[in-house]
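Analysis of the macromolecular model
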Amino acid sequence: MKRPLVYTCFATDVIHDGHMNILNEAAKLGDVTVGILCDSEMVRYNRFPTTTQEERMEMVRKIPCVSNVIVQNTIMYDGVFEELRPDYVVHGQDWHKRGMQVIKENILSLTQKYGGELVEIPYTFNEKVQKIDRQMREKLAMPEFRRGRLKKLLKMVPVVKTIEVHSGLTGLIAEKTIVANGEGIDQFDAMWISSLCDSTAKGKPDIELVDMTSRFRTIDDVMEVTTKPIIFDGDTGGLTEHFVYYVRSLERMGVSAVIIEDKTGLKKNSLFGTEVSQTQDTIENFSDKIRAGKRAQLSDEFMIIARIESLILEQGMDDALKRAFAYVEAGADGIMIHSRKKDPAEIVEFCDLFRAQNKETPIVVVPSSFNTITEAELAEHGVNIVIYANQLTRSAYPAMKQTAEDILKYHRAAEVDSRLMPIKDIISLIEEI
Ligand code: SPV
Ligand code: MG
């Protein structure tokens, strides 16, 4: 008689007692097939892989009670049921974690459609398992590993979704925010240390006034509580003689990329456009700065991304493209093109024209003004990194201001309380080590 087909999915780089327990229980029910969650879905699931997909498959193939190993291409189980029609799906009982309830609902609806049964195994949470979990997290946070993570991501996901952070707390939001719905689970891939928001948080204008020592302190605060890669807004990069030192420091800290913009003199925020006087650097000077930065860089993983301000300063598409190709020639690892138009047309036009001649160099965009275009639409035009550069700051400020005004108005805090995070939640927000 044919033995039942038992299926379980692993989204892990290491096998610990918890996984072995699941496999042993699964083997009691029939022949065990293990699905290895593919790289891009590991990323969406907040389990950035530290080993390759093939290495993860090999790790599981070696386990004696496993009969078959396949790749699971989506976090949801539809494909698994269509192909394998498992008699049992075995899963740990830890559904409350990381929005996994939607996965349970998905499996249950598929067992109704195709037959089969979900078997839940109590989660093993002994000291050894906890230690391995902690070690995996620490590995992701280490500078050596974190630095290269952006380059890896660019190969793994269609578009790197990046959100602004300017403190430990906003870092935690970038690190932990997960949405789960019928399509699966999603989260941000990377963090942007915006000069605008870093300065605003300090009550200062965005004119390179907040010095690098202070900006590096912000990076440190974020790094201490997160694991995701960091893209640093390096403003103009300052003098070339200074920029080379910034490159070394950022690299050493484990930052993945710096974006420098081709402006010179007193830099103002790009969203002012031509309302204030701003000077674009010459192609020669800026290319020299890029070249000097690349020469100073020690690792292969760090990226220097050149930001083109031609559209912001109304210098035209030809100028933007000419600069893009020159900066790539000078060694830039990516191009950021910026616009303050509401209509994404000029960004799309730039991307299409750039991609017609250059298929490889990553394109970065910051859709603050042209905010109706989706990540998928941008990706269709060759965009690789989308940065939501200021939305966290812009949502926090009005909320805090309203609260302050209402407390002043009512001479007590009762009226604002329903809008606030419960005290119980704020005191348990930060995990203790
Ligand atoms: C920032 O976030 O500081 C940026 C993007 O540089 S923008 O504000 O749009 O210029
Ligand atoms: Mg900036």
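Just so we're clear, the structure is a prediction, and the values are computed from it rather than from any experiment.

Parameters and conventions
Residues numbered from 1 in each chain as written. Chains lettered and ligands numbered in written order. Predicted model: local features only at pLDDT ≥ 70, side-chain atom pairs only at ≥ 80, totals over all residues. Heavy atoms only, no water. Near = heavy atom within 4 Å. Polar contact = N/O pair within 3.5 Å; in protein donor to acceptor, adjacent residues only side chain to side chain. Areas by Shrake-Rupley, 256 points an atom, 1.4 Å probe, with all protein chains shown as cover. Nonpolar A, V, L, I, M, F, W, Y, C, P; charged D, E, K, R; others polar. Axes fitted to C-alpha atoms, helices over the stretch in contact; angles between N-to-C directions. Helix = DSSP H or I, 4+ residues; strand = E, 2+ residues; numbered from the N terminus. Parallel < 35°, antiparallel > 145°, perpendicular 65-115°, else oblique. Left-handed = near helix turned anticlockwise from the far one by under 90°. Contact = heavy atoms within 4.5 Å. Donors = N, O, S within 2.8 Å, 3.2 Å for Na, K, Ca; no water. Buried < 20%, exposed > 50% of the residue type's maximum accessible area, 1.4 Å probe, protein only. Expected span 1.5 Å × (residues − 1). Domains from an automatic or database assignment. Phe/Tyr/Trp six-rings, centres within 6.5 Å; stacked < 30°, edge-to-face > 60°. Lys NZ or Arg CZ within 6 Å of the ring centre and 35° of its normal.

Some thoughts on the site of ligand 1
Surrounding ligand 1, one finds W192, S194, S195, L196, D233, N269, S270, L271, R307, H338 and A389. Measuring from an oxygen atom of ligand 1, one finds a side-chain N or O atom of R307 at 2.7 Å. In isolation ligand 1 offers 280 Å² of accessible surface; the protein chains occlude 100% of this area. Within the shell around ligand 1, the residues separate by chemical class into 4 nonpolar, 5 polar and 2 charged.

Notes on the packing of helix α12 (residues 240-253) against helix α13 (residues 283-296)
Interhelical geometry of α12 versus α13 gives an angle of 40 degrees and a closest axis separation of 9 Å. Considering their axes alone, α12 and α13 lie oblique with respect to each other. Note that α12 runs across α13; the crossing there is right-handed. Residues T240, F243, V244, V247, R248 and E251 of α12 form the contact with α13, whose own contacting residues are D288, K289, A292, G293 and A296. A per-class count over the contact of α12 with α13 returns 5 nonpolar, 2 polar and 4 charged.

Examining the coordination of the magnesium ion (ligand 2)
Around the magnesium ion (ligand 2), the protein contributes the donor atoms S195 (OG) and D233 (OD), which lie 2.1 to 2.2 Å from the metal centre. Here S195 is found in helix α10 (residues 195-201), whereas its partner D233 is found in strand β10 (residues 230-233), with 38 residues between them in sequence. Like D233, S195 is buried.

Focus: helix α5 (residues 101-114)
For α5, with 14 residues, the first-to-last C-alpha span of 20 Å sits near the 20 Å given by 1.5 Å per residue. All buried positions along α5 are accounted for by V102, I103, K104, N106, I107, L110 and T111. Among the structural elements, α4 (78-84), β4 (88-92), β5 (117-121), β7 (178-181) and β8 (184-187) are those in contact with the buried residues of α5. Positioned one or two residues after α5, G115 has a phi angle of 90 degrees, which is positive.

A short note on the domain arrangement of the chain
For the chain, the assigned domains read domain 1 (5-133), domain 2 (142-389) and domain 3 (395-428). The centre of domain 2, based on its C-alpha atoms, is set 34 Å off from the matching centre of domain 3.

Describing the packing of aromatic side chains
In total, this model carries 9 aromatic pairs according to the counting rule given. Considering the side-chain rings of F216 and Y246, the 6.4 Å spacing of their centres and the 90 degrees angle between planes classify their relative orientation as edge-to-face. Taken together, the residues F216 in helix α11 (residues 212-224) and Y246 in helix α12 connect sequence positions 30 residues apart. Consider the rings of F325 and F354, whose centres lie 5.2 Å apart with planes at 20 degrees: the pair is stacked. With F325 in helix α14 (residues 317-329) and F354 in helix α15 (residues 345-357), the pair connects residues that are 29 residues apart, well separated along the chain. Residue class for F325 comes out partly exposed when judged on its relative accessible area of 25%. We classify F354 as buried; its relative accessible area is 0%. Among the aromatic side chains, those forming a connected cluster through ring pairs are F216, F232 and Y246. Over the ring of F145 we find K152, and its NZ or CZ is 4.5 Å from the ring centre.

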